[in-house]
Amino acid sequence: KRRKVKNKKGRRRKKKNNSGLSFEELYRNAYTLVLHKQGKKLYGMLSDVITSHLVTEVRIDVENSLQGNFLDTLNLVWNEHQTAMVMIRDILMYMDRVYVQGNEELSVYDLGLVLYKDEVLHHAPVREHLKSLLLDMVDRERKGELVDRGAVQNTCKMLMALGLNSRRDVYEEDFEKPFLRMSREFYKAESQKLLAENSAPVYLRKVETRLTEEVERARHYLDPSTETRITKVVEDELIKEHMVSIIEMENSGVVHMLKNSRITDLACMYKLFSRVDGGIPCIIQYLSSYLKETGRGMVSEEPGIENSPGRNAVTYVQNLLDLRDQYNMFLDKSFSNDPLFKHAIGQDFEYFINLNDKSPEYLSLFIDELLKRGVKGYSEQEVEGILDKCIILFRYLQDKDVFERYYKQHLAKRLLLNKTVSDDFEKSMISKLKHECGGHFTSKLEGMFKDITLSTSTMEKFRDFLQTSSVGLGGIDLNVRVLTTGCWPTATTTAPCILPQSGADAFAVFQKFYLSQYSGRQLTLQTHLGFADLNAVFYPHSKREEGPSSGQTVVKKHILQVSTHQMTILMLFNKRPVFSFQDLTQETNIPRKELVRALQSLTVGRSSQKVLNWINRGKEALSGGRDFGAMDQFAINDQFTSKLVRVKIQAVSAKGETEPERKETRQKVDDDRKHEYPTDNNNN
């Protein structure tokens, strides 16, 4: 029986009463019917009664609310129907257990759900109105309006409950599929509008916002299973379909972001593109193209420009290190250290570094400069960091054996000329190379350090010998480095230069001492690797430099730090005031190339800064050349002045090898690369 009452709002609703029988009486009556084989009749009558109630009362109430509070009414009748079906299920529990299970019928509760779905929810006007209303509410919320989320949430739960056995077919057919279709059309149109109106970073931010909104919507009032489906729609329409357009946006795409180090924008792009298939490879393709273009510009040598970045070793390598630092920053802060990006960046660096065959030489020169004087102002950790970065560039080199040859040459000069700032840094670098390439790569480098250590010990013994014997060196402080043949890459001279007699005598004393300690060995003097401190006295001819009284001339005394070859040249001027280039060649026996280099250092600069005057220049010199003719003459420059007592005469050092020298080095490397096959003389 039913009766009508009014609630406080004046809306008429129906209130159920039971039949007046107790639950026990109702249960017993149903039990008796099933026990007497009337289960089928009872089940059929139940279906008829529920159907009649849904069609004549519930459906009418819902239809009457189509233009009013539709969702509230639908949720109300649904809740009432669930409550009624729970009560009926409990009363007919015996029929459920005996008749329903034995005849494979729907359970009482499921029967009620199916009938509700068929007679109420899938009634054509109700079904269409519900679908259009839900989609309209979502659309309005996307446009910024407020909607009744609770009503939508209750409706979605109802649709999920009507899918029996946890199936989602009702929810999917009645709402989700239309919702996804509508969403795809919505975002397809919105993507075109956003691309036309916004830069790439702004577009990506708005895509992020839309994704957040859809996730939040799915979690709050749609079924959670819809989240992955709706986010895929947004990803496809806002990202996947427009990846190239976003990346290639003028003045805001990925190249613009890389040029201007837009770390946050790149991170946003990476985060969004990683959500779709092909997104990461798409970014990598454009990043790689730009990086290769940038790298090619750095390693190319501009014709005719001597100081172009591609020709200056220190600038060349520093630019590469800065570029690597920049892309390391992108990798860390924008691309989450993605292995795909790391691999691509490494391949790109390897590509353009090896475009310039001078890269191994320049990298070695950069390290040489760093370990000679470039570590000043850096902490130990900072120097180690720079060396680690150099090792990264070393890994990219294909001609590692070329680097090895140059590094040996530069290390030898640092050790022999006492130009290394720190033995610890030197050994650290060798250790890093050993870790990269193995002990065979660094065995000779370690041998060079061993020679220096042994030489230090030998010189201590030699000085002890001088103190305990009557032998002297004629006032010369001699320091000798004994090098093992084969460990050192420096070229050996078969005919050393003719030393001044005092120097030759001092070396003879050491040679006799050394051979007495190590019988059977042979010492060959390599003067092109030595250096000397030379006491020099200049006698100016200018009257302005005469003393205040008695016409006394003010002499200028300096200690000149020079190479052994320069010392040999300067000592000759104690014999006579002028020497020609030909005279110097004959008197010193220094090879022409080394003699020219030594003289250039002594004759360049302003008149008050050069040690020698270059007089009677030949035609080539007068026309701007720097080479010397056989009859060019040289004399001591008595106008030489310096505020320093100890003056270092800088050697003319090349920024790298000359082209003939470079070809010679390459030939030696190629020779080392040739395999030697042993000959088998056994005849079987």
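The structure presented is a predicted model; accordingly, all values stated were derived computationally and were not measured.

Draft legend 1. Highlighting the overall build of the protein chain. A tally of helices and strands in the protein chain yields 27 helices and eight strands. Put simply, 72% of the contacts in the protein chain that link residues at least 6 apart link residues at least 24 apart. Accessible surface, the protein chain: about 37,800 Å² in total, of which carbon and sulfur atoms supply 50%.

Draft legend 2. Focus on the confidence of the model for the protein chain. Averaged over the protein chain, the pLDDT score is 86; the fraction of residues at 70 or greater is 86%. Within the protein chain, strand β1 (residues 2-6) has the poorest average pLDDT of any element, 35, and helix α13 (residues 263-273) the best, 97. Every residue in residues 620-625 is under pLDDT 50, and counting partners more than four places away or in other chains gives six contacts. Residue range residues 676-684 is modelled with pLDDT below 50. Its contacts to residues more than four positions away, or to other chains, number zero contacts.

Draft legend 3. Quick look at the packing of aromatic side chains. The tally for this structure, following the rule as stated, stands at 29 aromatic pairs. Between the aromatic rings of Y31 and Y94, the centroid separation amounts to 4.4 Å while the plane-to-plane angle is 55°, which identifies the pairing as tilted. Here Y94 lies in helix α4 (residues 93-103) and Y31 lies in helix α1 (residues 23-35), a separation of 63 residues in the sequence. Residue classification places Y31 among the partly exposed residues on the basis of a relative accessible area of 32%. Of the residues examined, Y94 reaches a relative accessible area of 15% and is grouped as buried. Plain terms: the ring middles of F394 and F441 are 5.8 Å apart, the flat faces sit at 65° to each other, and that makes the pair edge-to-face.

Draft legend 4. Up close: the sheet that holds strand β5 (residues 578-580). Taking strand neighbours across the sheet as the criterion, the three strands line up as β5-β7-β6 in an open arrangement whose pairing is antiparallel. Edge positions in the sheet fall to β5 and β6 (612-615), since each of these pairs with one other strand and no more. The sheet shows a mean angle of 30° between the axes of neighbouring strands, taken without regard to direction. Relative to strand β7 (residues 633-636), β5 is paired through three bridges, and the arrangement is antiparallel. Directly across from S580, in β7, lies its bridge partner Q633. Against the sheet, helix α25 (residues 592-603) touches β6 and β7, its axis set at about 105° to β6.

Draft legend 5. Main features of unusual backbone geometry. Within the chain, S261 stands out as a residue other than glycine whose phi angle is a positive 50°. By the element assignment, S261 lies in the loop between α12 (254-259) and α13. Here the phi dihedral of N337 falls at roughly 55°; this positive angle occurs in a residue that is not glycine. With respect to the helices and strands, the residue N337 is situated in the loop between α15 (313-333) and α16 (339-353).

Draft legend 6. Quick peek at the packing of α15 against helix α18 (residues 380-396). Viewed as axis vectors pointing N to C, α15 and α18 meet at an angle of 95°, and their least axial separation amounts to 10 Å. What the angle tells us is that α15 and α18 run roughly perpendicular. Residues V317, L320, L321, R324 and D325 of α15 touch α18, and the partners they reach there are K389, C390, I392, L393 and Y396. Along the lines of polarity and charge, the residues of the contact of α15 with α18 split into seven nonpolar, no polar and three charged.

Draft legend 7. How the structure looks around the pattern of salt bridges. In total, this model carries 40 salt bridges according to the counting rule given. Where R184 meets E237, a salt bridge forms, and the shortest distance between an N and an O atom there is 3.0 Å. Highlighted residues: R184 in helix α8 (residues 169-197) and E237 in helix α10 (residues 226-238), separated in sequence by 53 residues. For R184, a relative accessible area of 30% gives the class partly exposed. We note a salt bridge from E190 to R210, for which the minimum N-O separation is 2.7 Å. Residue E190 is found in helix α8, and its partner R210 is found in helix α9 (residues 200-220); the two are separated by 20 residues along the sequence. Connected via shared salt-bridge partners are E141, R142, R149, E214, E216 and R217.

Draft legend 8. Quick look at a nonpolar patch on the surface. Taken together, the side chains of V537, Y539 and V555 make up a nonpolar region of the molecular surface, amounting to roughly 250 Å² of accessible area. By the secondary structure assignment, Y539 is in the loop between β3 (531-538) and β4 (556-563).

Draft legend 9. Local environment of the packing of helix α6 (residues 124-142) against helix α7 (residues 149-161). Contact geometry for α6 and α7: axes closest at 11 Å, N-to-C directions at 135°. The orientation of α6 relative to α7 falls into the category oblique. Crossing angle aside, the handedness with which α6 passes α7 is left-handed. Together, L130, L134, M137 and E141 of α6 and R149, V152, T155 and L159 of α7 make up the contact between the two elements. A per-class count over the contact of α6 with α7 returns five nonpolar, one polar and two charged.

Draft legend 10. Here's a closer look at α25. An ideal rise of 1.5 Å per residue puts 16 Å on twelve residues; α25 measures up with 16 Å between its terminal C-alpha atoms. Residues L595, V596, A598, L599, Q600, S601, L602 and T603 constitute the buried set of α25. On its buried face, α25 is in contact with α23 (564-572), α24 (581-588), β6 and β7.

Quick notes on the rules
Residues numbered from 1 in each chain as written. Predicted model: local features only at pLDDT ≥ 70, side-chain atom pairs only at ≥ 80, totals over all residues. Heavy atoms only, no water. Helix = DSSP H or I, 4+ residues; strand = E, 2+ residues; numbered from the N terminus. Contact = heavy atoms within 4.5 Å. Areas by Shrake-Rupley, 256 points an atom, 1.4 Å probe, with all protein chains shown as cover. pLDDT = per-residue confidence, 0-100. Phe/Tyr/Trp six-rings, centres within 6.5 Å; stacked < 30°, edge-to-face > 60°. Buried < 20%, exposed > 50% of the residue type's maximum accessible area, 1.4 Å probe, protein only. Pairing = 2+ DSSP bridges. Axes fitted to C-alpha atoms, helices over the stretch in contact; angles between N-to-C directions. Parallel < 35°, antiparallel > 145°, perpendicular 65-115°, else oblique. Nonpolar A, V, L, I, M, F, W, Y, C, P; charged D, E, K, R; others polar. Salt bridge = Lys/Arg side-chain N within 4 Å of Asp/Glu carboxyl O. Patch = residues over 30% accessible without salt bridge, like charges linked within 9 Å, V, L, I, M, F, W, Y side chains within 5 Å. Left-handed = near helix turned anticlockwise from the far one by under 90°. Expected span 1.5 Å × (residues − 1).

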